[in-house]
Amino acid sequence: MVGIYVHIPFCASRCHYCDFYSTTALNRRTAYVQALKQEIALRRDEWKEGVRTIYFGGGTPSQLKAEDIADLIKRIDAKQAEEITVEMNPCDVTLDYLQTLRTAGVNRLSMGIQSFHNERLQLIGRRHNAEQAIRAVSIAREAGIANLSLDLMYGLPGQTMDEWEEDIDQLLALHPEHISTYCLQWEEGTQLTTMMEKGIVEPVDEEIEMAMYDRLTDRAATAGYEHYEVSNYALEGYRSKHNSSYWHDVPYIGLGAAAHSYDRQIRRWNVSDLEQYIAIMADATQTGVIKYDFERLNDTERYNEYIMLSLRTEEGIELSKLRNIKAIEQYLSEGLLEQENGYIRTTQRGLHILNRIIENIIT
Ligand code: SF4
C-alpha cells in the first residue's frame, strides 16, 4: 500500500514569505488537470497493490474546482484509501465545495490559518482574514469533516508572546483534531525578506521564537494533543497517516509538477515547471514514456534519510540501527536526546536545535 501525493501548484496570489514552487497562472488549471489525468493513466500500475492515503497539496488545491478533485480521486481509483486530505485556503471554503469533496471520499482537510490577527495576515500576504478562517472551520464541521488540521505560524514580524497566546486560545477553541506549526523562514528573494533587508520589518528574537514553540507544545499537551512529530500535534487517533509515511520510510508516489516519488531505492521527481510538465505528459500520452529526473540512494544516503526523518518523530531512532553511538553521547548527557526502550529520541529542548543535532549524527 502506498501514499499518493498530488501537487496542485496554483495560488490566487503569492504569500510574501513563500518560496515553494507555485504559480498564479490560473488560466492553465484546465490544461494542468488534463496533464494530471494523463499521468494517472500512465502510472496507475505503480499503485496496483493498493493506496492507503491520498494528499492534495500545493500551492492551493482549493483553487481547482471541487469536481476536478473528485474526478482525479475517481481516476486514481483508491476506494480502500483510509485517508484523503485536501489542503484548503479558508477563503475557498463553501458548503457546496466541501459536500462535493466529501462525496468523492475526502475525509480530512488541512487549512493554513497561520494567525488569527488580521494585521499579521496582511503583512505576510495571506488572502484570508481571521473571521473567514473561523467561518471556514464552522462550514467544514457543517459539511461533516471530522478530521481537520489547522496550521499556525510563529516568529512573524511584530508578533508578540501575548498575541501568540491569543492565537493558541483561538486555535484550541476551534477543537481541530490536528495542529501543525511552522516558524517563519526568511527565504532568499521573497517579498518579506526584501522588506527585512530594507529595515521595514524585523525578525523576532530567536529566544522568543523558541518560547513560542514551547508554549504551543505545552498548551497542546494540556489540551490532550500528542506531540508526535516536531511540527505536528494530534488528538488520539488523528495523526496524519499520509505524512507519517514520509517519516517512517514508506514508499510514496508524487503526481504533478515538482512532485517527488520514492520506493526505498530510487527517488524520482517531475519537472518543476508547469508548461514543461504539461508538455511532457502530452508527449508521454503518445510515447507511453514519462520523462523525469531521478537519483538512486546508496546505503549511506538511506541511513542519513532515516536519521533525519526519525529524529523528527516522537518514536525516534531505533538504537540497534544507529551506526555511531559516540556522536550522540554528548547530546544524551546534555539532555538534548534521551534513550528509552531501545530508541533514541529528541527531547523538547533538543527540538530547538534539531538541525544541528542531525548534522552531527549523519555520516
Ligand atoms: S498559498 Fe501556500 S503555496 Fe501559495 S503562495 Fe501562499 S504559502 Fe505559498
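Residues numbered from 1 in each chain as written. Predicted model: local features only at pLDDT ≥ 70, side-chain atom pairs only at ≥ 80, totals over all residues.

**Focus: the overall build of the protein chain**
Logical step 1: Looking only at helices and strands, the protein chain has 14 helices and 15 strands in total.
Logical step 2: The C-alpha atoms of the protein chain give 21 Å as radius of gyration, which agrees with the globular expectation for 363 residues (21 Å, within 12%).
Logical step 3: Considered along the principal axes of its C-alpha atoms, the protein chain spans approximately 60 × 50 × 45 Å.
Logical step 4: Out of the 363 residues in the protein chain, the part that is buried amounts to 38%.
Logical step 5: Intrachain contacts of the protein chain at a sequence separation of at least 6 include 71% that bridge at least 24 residues. (Helix = DSSP H or I, 4+ residues; strand = E, 2+ residues; numbered from the N terminus. Rg over C-alpha atoms; globule rule 2.2 N^0.38 Å. Buried ≥ 20, exposed ≤ 12 C-beta atoms within 10 Å, placed from the backbone. Contact = placed C-beta atoms within 7 Å.)

**Structural notes on the packing of helix α1 (residues 29-43) against helix α10 (residues 274-287)**
Logical step 1: Where α1 contacts α10, the two axes come as close as 9 Å, and the packing angle between them is 45°. Considered as vectors, α1 and α10 are oriented oblique to each other. Here the hand of the crossing between α1 and α10 comes out left-handed. Between α1 and α10, the contacting residues are Ala31, Tyr32, Ala35, Gln38, Glu39 and Leu42 on the first element and Leu274, Tyr277, Ile278, Met281, Ala284 and Thr285 on the second.
Logical step 2: Split by residue class, the contact of α1 with α10 holds 9 nonpolar, 2 polar and 1 charged. (Axes fitted to C-alpha atoms, helices over the stretch in contact; angles between N-to-C directions. Parallel < 35°, antiparallel > 145°, perpendicular 65-115°, else oblique. Left-handed = near helix turned anticlockwise from the far one by under 90°. Nonpolar A, V, L, I, M, F, W, Y, C, P; charged D, E, K, R; others polar.)

**Considerations on the site of the ligand**
Logical step 1: Around the ligand sit Cys11, Arg14, Cys15, Cys18, Phe20, Ser22, Gly58, Gly59 and Thr60, and that is every residue in its neighbourhood.
Logical step 2: Taken together, the residues of the shell around the ligand sort by class into 4 nonpolar, 4 polar and 1 charged. (Near = placed C-beta within 6 Å.)

**What about the sheet that holds strand β15 (residues 343-346)?**
Logical step 1: Pairing is antiparallel across the open sheet formed by 3 strands, whose spatial order is β13-β15-β14. Pairing within the sheet leaves two strands with one partner each, and these edge strands are β13 (317-318) and β14 (337-340).
Logical step 2: Relative to the sheet, helix α12 (residues 326-333) contacts β14 and β15, its axis offset from that of β14 by approximately 100°. (Pairing = 2+ DSSP bridges.)

**Some thoughts on the domain arrangement of the protein chain**
Logical step 1: Here the domain parsing of the protein chain yields domain 1 (2-247) and domain 2 (299-361).
Logical step 2: Look at where the C-alpha atoms of domain 1 and domain 2 centre, and you get two points 28 Å apart.
Logical step 3: Opposite the 9 residues of domain 1 that make contact, domain 2 presents 8 residues. (Domains from an automatic or database assignment.)

**Looking at the nonpolar core**
Logical step 1: One finds Ile4, Val6, Val51, Ile54, Ile69, Ile76 and Ala140 to be the most contacted residues of the largest nonpolar core, which totals 74 residues.
Logical step 2: Those residues within four positions of Val6 in sequence are excluded, and the remaining contacts are Leu36, Ile54, Phe56, Leu72, Leu255 and Gly256. (Core = buried A, V, L, I, M, F, W, Y, C linked by C-beta atoms within 7 Å.)

**Concerning the environment of Ile253**
Logical step 1: Tracing the chain through its elements places Ile253 in strand β9 (residues 252-255).
Logical step 2: Residue classification places Ile253 among the buried residues on the basis of 22 C-beta atoms within 10 Å.
Logical step 3: Counting along the chain gives 14 residues from Ile253 to Arg267, while the straight-line C-alpha distance between them is 9.7 Å.
Logical step 4: Apart from residues no more than four positions distant in its own chain, Ile253 is found in contact with Val2, Ile4, Arg43, Glu46, Trp47 and Ser261.

**Section: α1**
Along an α-helix, residues three or four apart share an orientation, since each turn contains 3.6 residues.
Logical step 1: Taking 1.5 Å per residue as the helical rise, α1 with its 15 residues ought to reach 21 Å, and the 21 Å between its terminal C-alpha atoms agrees with that figure.
Logical step 2: By the burial criterion, the buried members of α1 are Tyr32, Ala35, Leu36, Glu39 and Ile40. Axial view of α1: buried residues confined to an arc of 145°, hence all on one face. Opposite its buried face, α1 presents the exposed residues Thr30 and Ala41, each directed more than 90 degrees away. (Expected span 1.5 Å × (residues − 1). Arc of directions from axis to C-beta.)

**A look at the packing of α1 against helix α2 (residues 66-76)**
Logical step 1: Running from N to C, α1 and α2 point in directions that differ by 10°, and their axes come no closer than 10 Å. The angle between the axes of α1 and α2 places the two elements in the roughly parallel class. In contact with Val33, Leu36, Lys37 and Ile40 of α1, α2 contributes Asp68, Leu72, Arg75 and Ile76.
Logical step 2: Residue classes in the contact of α1 with α2 are distributed as 5 nonpolar, no polar and 3 charged.

**Here we look at unusual backbone geometry**
Logical step 1: Look at the link from Gly58 to Gly59: it is a cis peptide, with omega at 20°.
Logical step 2: By the secondary structure assignment, Gly59 is in the loop between β2 (51-58) and α2.
Logical step 3: Even without a glycine there, the phi angle at Asp77 is positive, about 60°.
Logical step 4: Unusually for a residue other than glycine, Gln114 sits at a positive phi of about 70°.

**As for the pairing of strand β6 (residues 178-183)**
Logical step 1: Judged from the 6 bridges that link them, strand β5 (residues 148-154) and β6 form a sheet pairing that is parallel. Bridge assignment links Leu152 to a residue of β6, and that residue is Thr181.
Logical step 2: Between β5 and its parallel partner β6, the chain crosses via helix α6 (residues 161-173), and the hand of that crossover is right-handed.
Logical step 3: Sheet topology places β6 next to strand β8 (residues 232-234); 3 bridges connect them, and they run antiparallel. Paired with His178 across the strands is Ala234, a residue of β8. (Right-handed = clockwise from strand over helix to strand, strands pointing away.)

**Here's the deal with the pairing of β14**
Logical step 1: Where β14 meets β15, 4 bridges bridge the pair, whose relative direction is antiparallel. Following the sheet pairing, Glu338 is matched in β15 by Arg345.
Logical step 2: Hairpin connection between β14 and β15: a loop of 2 residues separates the two successive antiparallel strands, and Asn341 in this loop has a positive phi of roughly 50°.

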